[in-house]
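Below are the chains, spelled out letter by letter.
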Amino acid sequence: MRRRPIRINQITCYVTAYDIHDDRRRTKIHKVLLGYGKWTQYSLFECFLTRKQLILLYSKLEKHMVEMEDSVRFYPLCSNCVSKVETVGGQPPADDVLFLV
């Protein structure tokens, strides 16, 4: 079986879930993820990333995590799967806020 090469500039949607036990670390992880994706539920983000962005995000997250206590999971979705995502009930935790000065 022949594998397709991974394209560095190809964008993939990652459903990103985290379980961080310490409030301070959780806040830092949340802020890092805000820079890379959309907060959709309390411990869940949707991030559209290239491979390069994903590796950079891993690096930034590791700086704030305790390996034996914390975890962040990335679930890649193909473009066909992204178009089939459905939501039942509730509203997102928060909308993006933009302040102009």
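Look up: the structure comes first, before these words.
All values derive from a computational prediction rather than experimental measurement.

## Brief notes about the pattern of salt bridges
Where side chains of opposite charge bring their charged atoms close, a pairing between them can arise.
Alright, step 1. Taken as a whole and judged by the stated rule, the model has 3 salt bridges.
Alright, step 2. One salt bridge in this structure joins Asp23 and Arg26, with 2.6 Å as the shortest N-O distance. Placement of the pair is Asp23 and Arg26 together in helix H1 (residues 23-34), with a separation of 3 residues, close to one helical turn.
Alright, step 3. Between Arg25 and Asp70 there is a salt bridge whose closest N-O contact spans 2.7 Å. Of this pair, Arg25 sits in helix H1 while Asp70 is found in the loop between helix H2 (51-62) and strand S4 (71-77), placing the two residues 45 residues apart along the sequence. Of the two residues, Arg25 and Asp70, neither departs from the other in class, the shared state being buried.

## Re H2
Alright, step 1. Over its 12 residues, H2 runs 17 Å from end to end, which matches the ideal 16 Å to within 8%, given 1.5 Å per residue.
Alright, step 2. If you check which residues of H2 are buried, you get Leu54, Leu57 and Leu61. Down the axis of H2, the buried set is contained in an arc of 60 degrees. They therefore lie on one face. Of the residues in H2, the exposed ones pointing more than 90 degrees away from the buried face are Lys52 and Glu62.

## Focus: the sheet that holds strand S1 (residues 12-19)
Alright, step 1. With respect to topology, 4 strands assemble into an open sheet ordered S2-S3-S1-S4, the strand pairing being antiparallel. Each of the sheet's edge strands pairs with one partner strand only, and the pair in question is strand S2 (38-41) and S4. Averaged over all neighbouring strand pairs, the angle between strand axes comes to 30 degrees, with direction disregarded.
Alright, step 2. Against the sheet, H1 touches S1, S2, strand S3 (44-49) and S4, its axis set at about 170 degrees to S1.

Criteria and cut-off values
- Residues numbered from 1 in each chain as written.
- Predicted model: local features only at pLDDT ≥ 70, side-chain atom pairs only at ≥ 80, totals over all residues.
- Heavy atoms only, no water.
- Salt bridge = Lys/Arg side-chain N within 4 Å of Asp/Glu carboxyl O.
- Helix = DSSP H or I, 4+ residues; strand = E, 2+ residues; numbered from the N terminus.
- Buried < 20%, exposed > 50% of the residue type's maximum accessible area, 1.4 Å probe, protein only.
- Expected span 1.5 Å × (residues − 1).
- Arc of directions from axis to C-beta.
- Pairing = 2+ DSSP bridges.
- Axes fitted to C-alpha atoms, helices over the stretch in contact; angles between N-to-C directions.
- Contact = heavy atoms within 4.5 Å.

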